[in-house]
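Summary of structural features
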Protein chains: 2
Amino acid sequence: MMSARGLIVVAFGGNAFQSKGDKGTVEDYWRNAYIATEIIVKLVEEGYRVVVTHGNGPQVGIIAEWMALGLKEKNIPPMSLDIAGAMTQGWLGYILQQAIYNKLRERGLFPSRVRGVVTIVTQTLVRGDDPAFRDPTKYIGPWYSKEEAEKLAREFNWSFKPDPRGGYRRVVPSPDPIMQVEINAIRELAEEGYIVICGGGGGIPVVEENGKLRGVEAVIDKDLDAERLATALRADTLLILTDIDYAYLNYGSENAKKLTVVTATEALKHYEEGHFKPGSMGPKVLAGIRFVQNGGKLAIIAHLSKALEALRGESGTRIVPG
Amino acid sequence: MMSARGLIVVAFGGNAFQSKGDKGTVEDYWRNAYIATEIIVKLVEEGYRVVVTHGNGPQVGIIAEWMALGLKEKNIPPMSLDIAGAMTQGWLGYILQQAIYNKLRERGLFPSRVRGVVTIVTQTLVRGDDPAFRDPTKYIGPWYSKEEAEKLAREFNWSFKPDPRGGYRRVVPSPDPIMQVEINAIRELAEEGYIVICGGGGGIPVVEENGKLRGVEAVIDKDLDAERLATALRADTLLILTDIDYAYLNYGSENAKKLTVVTATEALKHYEEGHFKPGSMGPKVLAGIRFVQNGGKLAIIAHLSKALEALRGESGTRIVPG
């Protein structure tokens, strides 16, 4: 299928599914998804091929809560975190898939411009010796008492840390993504004219041992995974959509300065100086730097509601070669 | 990619993930999936292209339990049943996808014979005026008291029925599947040499209203959905794997008679005479009949552990044209 422009990888943050103040009802999910979906449809109208990825932090947290309750109240064996991640890919992939499809049909873009919308359950390969495995830092799921935490640690071999807000929470490592196991299928579908939703939540983390994949109890940063996806697909643009309008130097301070256009070299200098918050703006900027260093032309970090302005250079932080 | 034989659609029952006596731990899931996967690998070795589908009854039940607990204990808004179905597609699709991939690599069949293994999140279209919507019959999720059931019925517009085993349970309709919304992507990937896992749990039930898809609170029989898949893909064979070795006439009685080879016409006669249990062997036989009536050459109903014998005609019930 011909496409006037190139391929764009769009990474949705949590606000594609939940707005501030939402209770997280089914209706909230659909309403937010339809708003986010508007962007995808506009990109198609402008001639882009689109691959979509998304976060899953709140949803994997909910599943962890459910599993903890199921174990405590009804002795239902909890699933592992790789399986919980797979569940969120079905959950959010389905919602995006249906919302995008409906909007494309409404605008007359299906089947003329897009052949379909599909979610691919995606495994992301990480290194078994990634240093992250020695120091789990990502809090996940509910708060426990010290005694409960110790019991679960023994029973399931989970790690716990005291949470700054009180109590104990499970912590898991966040290793660096290498590649999506399903990248060939993703590429072929995207080339054939499908909108592909994949790598949800950064992908299901797997390691390779003796030629075999094995799921691990970890979470992958979805923006770093989006870079791997965009690089492997030789996308023109990596568009990271979040709830902040720009990456800032000295964010939150009096002399905060928004970054509009920045070369990868400059961005890396800022990154190494600690301007971007770890687990938040940090990995977004790092993903942008890596994408450009790996041959990408343009990485954009922008507010979800400013995606099209950002593509025209009227909003957001653009990381460019140099 | 060339294939010496044709396409086979394999429908796994619940015993592909849980054996009798299993507690449903993560280890149970993987152990059972690896056993089931052995069949897929053998089919690839024998030259078949393979599309895999599977049930999700126990898993959607677990998610319904989790959601009920989350609502009661922590006021977490429950997701709808279409979303719960999507979660199970991620859950079980991931497990099958990884297990099949690992076995194919172990046997040297990847990437030489199979280009990859992918799970497609699948929506299945049903009619909004399907008579099933007027009479919900499928029990789902936990047991409630009359008072709890009435409260939930008001709050979420759910239907409840007294369960023969006591208490009240939610009931949902089981409409007839029409087609998989994602059938084109499934077909193309299968033709390109991928093993495609799709239509899990019969697919996420959706209706079309004013040119838009909308998820509905229902469950679809996975064998009837497998027929739709096999027919749309013009598969040579529909292989339905379950925990009974044959379809029987007068099942469970003294003069039970196993069916080895039966024409679609004969099978339909037996079906209409009420020989096959609704919700169990009934839809399997009906799926087989429909597949053959729609141009398929062979539908087989067999025990999971006898799949290859069944393909050779040494076990299982074969429904053939005529």
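Residues numbered from 1 in each chain as written. Chains lettered and ligands numbered in written order. Predicted model: local features only at pLDDT ≥ 70, side-chain atom pairs only at ≥ 80, totals over all residues. Heavy atoms only, no water.

**Points about the packing of aromatic side chains**
So the rule is basically this: Aromatic rings from Phe, Tyr and Trp, with only the six-membered ring used for Trp, were paired whenever their centres fell within 6.5 Å, and each pair was classed as stacked if the ring planes differed by under 30 degrees, edge-to-face if by over 60, and tilted otherwise. A run of H or I in DSSP counts as a helix once it spans at least four residues, and a run of E counts as a strand once it spans at least two, with each numbered from the N terminus. The criterion for a charge sitting over a ring is simple: Lys NZ or Arg CZ within 6 Å of the ring centre, and within 35 degrees of the ring normal.
Taken as a whole, this structure holds 22 aromatic pairs over all chains when the rule is applied. Between the aromatic rings of Trp30 of chain A and Tyr94 of chain A, the centroid separation amounts to 5.6 Å while the plane-to-plane angle is 85 degrees, which identifies the pairing as edge-to-face. In this pair, Trp30 of chain A sits in helix H1 (residues 26-45) while Tyr94 of chain A sits in helix H3 (residues 81-106), placing the two residues 64 residues apart along the sequence. Seen in terms of ring centroids, Tyr248 of chain A and Tyr251 of chain A are 5.6 Å apart; in terms of plane orientation they differ by 40 degrees. Their pairing is tilted. Put simply, the rings of Phe17, Tyr29, Trp66 and Trp91 of chain A pair up and form one aromatic cluster. Across the ring face of Trp143 of chain B, the terminal group of Arg169 of chain B is positioned such that the distance to the ring centre comes to 4.0 Å.

**Regarding the sheet that holds strand E6 (residues 159-162) of chain A**
All names here are of chain A. For clarity, the cut-off: Being paired, for any two strands, means DSSP has found at least two bridges between them. Note on definitions: angles span 0 to 180 degrees between N-to-C directions of axes, and those axes are lines fitted to C-alpha atoms, for helices only across the stretch in contact.
Reading across the sheet, the three strands line up as E5-E7-E6 and stay open at both edges, with antiparallel pairing between neighbours. Bordering the open sheet on either side are strand E5 (138-144) and E6, each of which pairs with just one other strand. Each neighbouring strand pair of the sheet contributes to a mean axis angle of 40 degrees, computed without reference to strand direction. Sheet topology places E5 next to strand E7 (residues 168-172); five bridges connect them, and they run antiparallel. When the sheet's bridge partners are listed, Ile140 is paired in E7 with Arg170.

**Overview of the layout of surface pockets**
Rules: Grid points spaced at 1 Å over the protein atoms alone were grouped into cavities, where a 1.4 Å probe fits but cannot get out, and pockets, open sets with protein on both sides within 12 Å along at least five of seven lines, with lining residues defined by an atom within 4 Å of a point. Grid points are joined across faces, edges and corners, and a volume is the space filled by probe spheres set on the points. Think of it as three bins: nonpolar holds Ala, Val, Leu, Ile, Met, Phe, Trp, Tyr, Cys and Pro, charged holds Asp, Glu, Lys and Arg, and polar takes everything else, Gly as well.
Approximately 1400 Å³ is the volume found for the largest pocket. Along the walls of the largest pocket sit 46 residues, with Gly13, Gly14, Gly57, Pro58 and Gly279 of chain B positioned nearest its centre. Those elements that place two or more of their residues in the lining of the largest pocket are helix H1 (26-45), helix H2 (57-74), strand E5 (138-144), helix H6 (222-232), helix H8 (281-293) and helix H9 (307-311) of chain B. Residues belonging to the lining of the largest pocket are distributed by class as follows: 15 nonpolar, 18 polar and 13 charged. Of the pockets and cavities examined, the second largest pocket occupies roughly 1200 Å³. What lines the second largest pocket is a set of 36 residues, among which Gly14, Gly57, Pro58, Lys138 and Gly279 of chain A lie closest to the centre. When residues of the lining of the second largest pocket are traced back to their parent elements, those giving at least two are helix H2 (57-74), E5, helix H6 (222-232) and helix H8 (281-293) of chain A. Broken down by element, the residue count for the lining of the second largest pocket peaks at six residues, all from H2 of chain A. Looking at the lining of the second largest pocket residue by residue, the class counts come to eleven nonpolar, 15 polar and ten charged.

**Brief notes about the interface of chain B and chain A**
The cut-off we apply is this: Residues count as neighbours in contact if any of their non-hydrogen atoms are within 4.5 Å of one another. Buried area, as used here, totals the accessible surface that two parts lose on assembly, with accessibility defined by a 1.4 Å probe and the loss added over both. Counted as salt bridges are all cases of a side-chain nitrogen of Lys or Arg within 4 Å of a carboxyl oxygen of Asp or Glu. Throughout this description, a polar contact denotes any pair of N or O atoms lying within 3.5 Å of each other; where both atoms belong to protein, one of them has to be capable of donating a hydrogen while the other can accept it, and for residues adjacent in sequence the pair is counted only when both atoms sit in side chains.
Between chain B and chain A, the residue contacts involve 57 residues of the former and 57 residues of the latter. For the pair chain B and chain A, the summed buried area comes to about 4900 Å², and 64% of that belongs to carbon and sulfur atoms. Applying the counting criterion to the chain B and chain A interface returns eight salt bridges. Between Glu188 of chain B and Arg115 of chain A there is a salt bridge, with its nearest N and O atoms 2.4 Å apart. Counting across the chain B and chain A interface gives 26 residue pairs in polar contact (both at pLDDT 80 or more). Broken down by secondary-structure element, the contributors of at least two residues to the side of chain B that touches chain A are H1, H2, helix H3 (81-106), strand E3 (116-119), helix H5 (183-191), strand E10 (204-209) and strand E11 (212-215) of chain B.

**A few points about the confidence of the model for chain A**
Low pLDDT means the predicted atomic positions in that stretch should not be read closely. Just so we agree on the cut-off: For every residue, the predictor assigns a confidence score, pLDDT, that lies between 0 and 100.
For chain A, the average pLDDT comes to 95, and 99% of its residues sit at 70 or higher. What the predictor reports for the complex is a pTM of 0.96 with an ipTM of 0.96.

**With respect to the relation of the copies chain B and chain A**
For the pair of chain copies, the relating operation is a rotation around an axis with a shift along it. Heads up, the condition is: The copies were overlaid with a least-squares fit restricted to C-alpha atoms from residues scoring a pLDDT of at least 70 in each copy.
In the superposition of chain B on chain A (RMSD 0.0 Å, axial shift 0.0 Å), the rotation amounts to 180 degrees. Taken together, the rotation and translation describe the operation of a two-fold axis. The overlap is high: 100% of the interface residues of chain B also sit at the interface in chain A, so the same surface is used on both sides.

**Re empty space enclosed by the protein**
Residue and element names in this part refer to chain B. Per the stated rule, a full pass over the model turns up five cavities of 30 Å³ or more. In this structure, the largest cavity encloses a volume near 120 Å³. Considering the residues around the largest cavity, the lining is formed by Ala64, Met67, Ala68, Leu71, Pro78, Leu81, Ile140, Gly141, Pro142, Tyr144, Trp158 and Arg170. Those elements that provide at least two residues to the lining of the largest cavity are H2 and E5.

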